[in-house]
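For reference, the chains in residue letters:
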Amino acid sequence: TPKVVSAPSSFPMPAVTVPAGLTCSDFTVTGQTTVTLSPTGGPLGNGTYCYQDLTVEGSGTLAASGSVTVYLTGQLTAKGNSVVGVSSNPGHMVFLMSPTSSGTIKDGTLTGSTEFYGAIYGPTATLNITGNAEIFGSVIAKKVDVSGSAEIHYDAALTDVTQVSNQYQASLLSWREVAG
């Protein structure tokens, strides 16, 4: 078993702030549909998107044709054999979960045979990863609950993705494999 070493001090996890001029609305991908986000698309034309509640289900796929940043102000739900992200490069899709106006964020849920390729940064979020869901990338959150046969596979390429912490560059200090 790899030795787990704690950092000498806590890592600051600043809140995510949605950029000015970026409006957020609900969005759903379902029914074996593929939606591809563009690095030159989105409301600001720079690959930045914002969703209140984002749902990917029913064998739906949310992908990207290059590096995109997705702000979430509400619920992230991926279920029912869905795929989120870019399997060949998890660094192309970064999710930044901001607190809602009341100061709390709804939980994120990845369940069933869902595959998620990307980075999630939600300093006040609780993420529930259940069933056969698999994450290939990184997760930074207040609380992460993993149950069933769900798995998280850290992708070291995300160590250089600075928008994951919205301010700081993360470094891998240690890791451990947890048997389910």
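The rules behind these values
- Residues numbered from 1 in each chain as written.
- Predicted model: local features only at pLDDT ≥ 70, side-chain atom pairs only at ≥ 80, totals over all residues.
- Heavy atoms only, no water.
- Helix = DSSP H or I, 4+ residues; strand = E, 2+ residues; numbered from the N terminus.
- Buried < 20%, exposed > 50% of the residue type's maximum accessible area, 1.4 Å probe, protein only.
- Core = buried A, V, L, I, M, F, W, Y, C linked by side-chain atoms within 4.5 Å.
- Contact = heavy atoms within 4.5 Å.
- Pairing = 2+ DSSP bridges.
- Salt bridge = Lys/Arg side-chain N within 4 Å of Asp/Glu carboxyl O.
- Phe/Tyr/Trp six-rings, centres within 6.5 Å; stacked < 30°, edge-to-face > 60°.

Asker: I would appreciate a short explanation of the overall build of the protein in the present structure.
Answerer: Of regular secondary structure, the protein possesses 0 helices and 12 strands. In the protein, the succession of α and β elements from N to C terminus is β-β-β-β-β-β-β-β-β-β-β-β. Within the protein, buried positions represent 39% of all 180 residues.

Asker: Please clarify how the nonpolar core should be interpreted in this entry.
Answerer: Among soluble globular proteins, nonpolar side chains are generally buried collectively. In this structure, Leu37, Leu62, Val70, Leu72, Met93 and Phe95 are the most contacted members of the largest nonpolar core, which totals 27 residues. Contact partners of Met93, with chain neighbours within four places excluded, come to Leu37, Leu62, Ala63, Ala64, Val68, Val84, Gly85, Tyr117, Gly118 and Ala119. Counting residues in hydrophobic clusters, the runner-up holds 10 residues, among them Val16, Leu96, Ile140 and Leu158.

Asker: Can you walk me through the pairing of strand S4 (residues 61-64) in this structure?
Answerer: Two faces belong to every sheet, and in a regular strand the side chains alternate between them. Burial of the side chains of S4 extends over both faces: Thr61 and Ala63 are buried on one face and Leu62 and Ala64 on the other. In the sheet, strand S2 (residues 34-37) pairs with S4 via 4 bridges, with the strands oriented parallel. Residue pairing in the sheet places Thr34 in a bridge with Thr61 of S4.

Asker: When you look at the environment of Pro12 in this model, what are you seeing that I'm missing?
Answerer: Position of Pro12 among the secondary structure elements: in the segment before strand S1 (25-29). C-alpha separation for the pair Pro12 and Pro123, spaced 111 residues apart in sequence, amounts to 9.4 Å.

Asker: I keep staring at the pattern of salt bridges and nothing clicks. Help me out?
Answerer: Two side chains bearing opposite charge may form a pair once their charged atoms approach each other closely. Scanning the entire structure with this criterion turns up 2 salt bridges. Asp145 is the partner of Lys143 in a salt bridge, and the nearest nitrogen-oxygen pair spans 4.0 Å. Among the residues examined, Asp145 registers a relative accessible area of 30% and is labelled partly exposed.

Asker: Is there a simple way to think about the packing of aromatic side chains in this case?
Answerer: Each aromatic ring pair is described using two quantities: the centre-to-centre distance and the angle formed by the ring planes. For the structure on display, the rule yields 3 aromatic pairs. Both rings, one in Phe27 and one in Tyr51, keep their centres 5.1 Å apart while their planes meet at 20°; by these two values the pair is stacked. Residue Phe27 is found in strand S1, and its partner Tyr51 is found in strand S3 (residues 48-56); the two are separated by 24 residues along the sequence. The partly exposed category is assigned to Phe27, whose relative accessible area is 26%.

Asker: What's the story with the pairing of strand S11 (residues 134-146) in this structure? I'm lost.
Answerer: Here strand S10 (residues 115-129) pairs with S11 via 12 bridges, running parallel. In the sheet register, Asn128 faces S11, and the bridge partner there is Asp145. Inspection of the sheet shows S11 paired to strand S12 (residues 151-154) by 4 bridges, in the parallel sense. The partner of Phe136 across the bridge, within S12, is His153.

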